[in-house]
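Overview (structure and organization)
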Amino acid sequence: MPNGSRCPDCGSSELVEDSHYTQSQLVCSECGCVVTEGVLTTTFSDEGNLREVAYSRSTGENEQVSRSQQRDLRRVRDLCRILKLPQTFEDTAVSYYRKAYQLSGIRAARLQKKEVLVGCCVLITCRQHNWPLTMGTICALLYADLDVFSGTYMQIVKLLELDVPSLCLEDLVKSYCGSFKLFQASPSMPPKYVEDKDKMLSRTLLLVELANETWLVTGRHPLPIITAATFLAWQSLRPSDRLTCSLARFCKLANVDLPYPAASRLQELQAVLLQMASQLAWLQVLKLDKRSVVKHIGDLLQHRHILLRMAFRDGTEVVETEELQQQGQGQQEEVEDGALDLPKKKRPASPALLLPPCMLKPPKRTHPTPPVSVVTGDENISDSEIEQYLRTPQEVRDFQRAQAASQAAMSVPNPP
């Protein structure tokens, strides 16, 4: 290998000799680019006559495209065919890959980032065509790290200046729940756990909408909430057979991973359902708990809009009362004392107020908040700061005269 040789693609000096069809070639160990091309023979007569044929000529591949890029282009097409995407999607993903590969920040990247670039181009294409596909699905197919994939995805969208819409919650529910192994009987799946796909998706969507209306989705990862909503929907369709099944076992039966916060999201959804159930007369006498309320999810979802207003009505009245009291303090000079005196109500404990969980249960502060100093306008101003307050030439002259008089008074010696 000649001294100072570097890869034309990534600039690496890690060049090794590779024997390709018995012909030696220099290959970059970082990105797989063929630096110096070997010679090949295509027919027996060529070999007998020692006629050498270049690799690009023997394979019909464009010599300007490196082997690593050719391989990744094939992976883009293979991934689109595995996902059964239309041909237009495949062509768009290939064009995005070619554009991204020409970027200096991508060509100089490590091999791990270049491998996930294939999935990023496919995911961008699907998002632009409103095709329900999650980032986790792509990572599972490519055996890619989710953090590396998400970082590369955001980088490509920014560098190519693409307009990529986010996946809507309804499409995400359909895509995520569609992969559950709960819709066909099998030796590992008891018949009582098999459920109709359309029924479960319909009820899951209603529960996710309920979670969205009660602030459980805002600022949170959607998959734990969808997992909890799917579990409740699945239980409520046949509660007599499924109430004893835990969330962990449900995920194992469905052959999906159990997200860590899913158990917390499940408890929050159950608390909202209990709050709604307290407004139905025929459910008030049953003394429901988080487990038994699952039997009545169908009734609660059917009347969820009116039940939500009734369940959180007390919290709304407290807020309105406090606002009226604040308005009354401002109008106290115009009306008689006591005319706007309103009954004070104690703010109820959660979940009486329809607020985000972070406001119902604020995190504890480890360090106390320093007291805020009150500015009255009578504070002393130092000589170094007073020039900031001088506006007119007259004020500047007055300040200079006062400063000179002060210095003169300090220079007069004291009488004996």
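Look a little higher up for the structure.
Residues numbered from 1 in each chain as written. Predicted model: local features only at pLDDT ≥ 70, side-chain atom pairs only at ≥ 80, totals over all residues. Heavy atoms only, no water.

**Remarks on helix α7 (residues 135-142)**
Among the residues of α7, M135, I138, C139 and L142 are the ones counted as buried. Along the long axis of α7, the arc covered by the buried residues comes to 100°, so they all point the same way. Contacts from the buried residues of α7 go to α3 (67-82), α6 (111-128) and α8 (146-159). Downstream of α7 by a residue or two, Y143 has a phi angle that is positive, lying close to 55°. (Buried < 20%, exposed > 50% of the residue type's maximum accessible area, 1.4 Å probe, protein only. Helix = DSSP H or I, 4+ residues; strand = E, 2+ residues; numbered from the N terminus. Arc of directions from axis to C-beta. Contact = heavy atoms within 4.5 Å.)

**Quick notes on the packing of α3 against helix α4 (residues 87-101)**
Packing of α3 against α4 brings their axes to within 9 Å, and their N-to-C directions diverge by 150°. Relative to α4, the element α3 is oriented roughly antiparallel. Crossing geometry of α3 relative to α4 is assigned as right-handed. Taking contact as the criterion, the partners of S68, Q69, D72, L73, V76, R77, C80 and R81 in α3 are, on α4, Q87, E90, D91, A93, V94, Y97, R98 and Y101. Here the residues of the contact of α3 with α4 are counted per class, giving 7 nonpolar, 3 polar and 6 charged. (Axes fitted to C-alpha atoms, helices over the stretch in contact; angles between N-to-C directions. Parallel < 35°, antiparallel > 145°, perpendicular 65-115°, else oblique. Left-handed = near helix turned anticlockwise from the far one by under 90°. Nonpolar A, V, L, I, M, F, W, Y, C, P; charged D, E, K, R; others polar.)

**Side note on the packing of aromatic side chains**
Taken as a whole, this structure holds 8 aromatic pairs when the rule is applied. An angle of 70° between the planes, with centres 6.1 Å apart, marks the rings of F180 and F250 as edge-to-face. Of this pair, F180 sits in the loop between α9 (169-177) and α10 (197-213) while F250 sits in helix α13 (residues 247-254), placing them 70 residues apart in sequence. The exposure classification of F180 matches that of F250, with both residues buried. Both rings, one in W234 and one in F250, keep their centres 5.0 Å apart while their planes meet at 45°; by these two values the pair is tilted. Pair noted here: W234 is in helix α11 (residues 222-237) and F250 is in helix α13, with a separation of 16 residues, a long-range link. Accessibility expressed as a relative area gives 0% for W234, which makes it buried. A network of ring pairs unites the aromatic residues Y176, F180, Y193, F231, W234 and F250 as a single cluster. (Phe/Tyr/Trp six-rings, centres within 6.5 Å; stacked < 30°, edge-to-face > 60°.)

**Some words on unusual backbone geometry**
Here K84, not a glycine, exhibits a phi torsion of approximately 55°, which is positive. Following the sequence through the fold, K84 ends up in the loop between α3 and α4. Look at K84 and you get exposed, because its relative accessible area is 71%.

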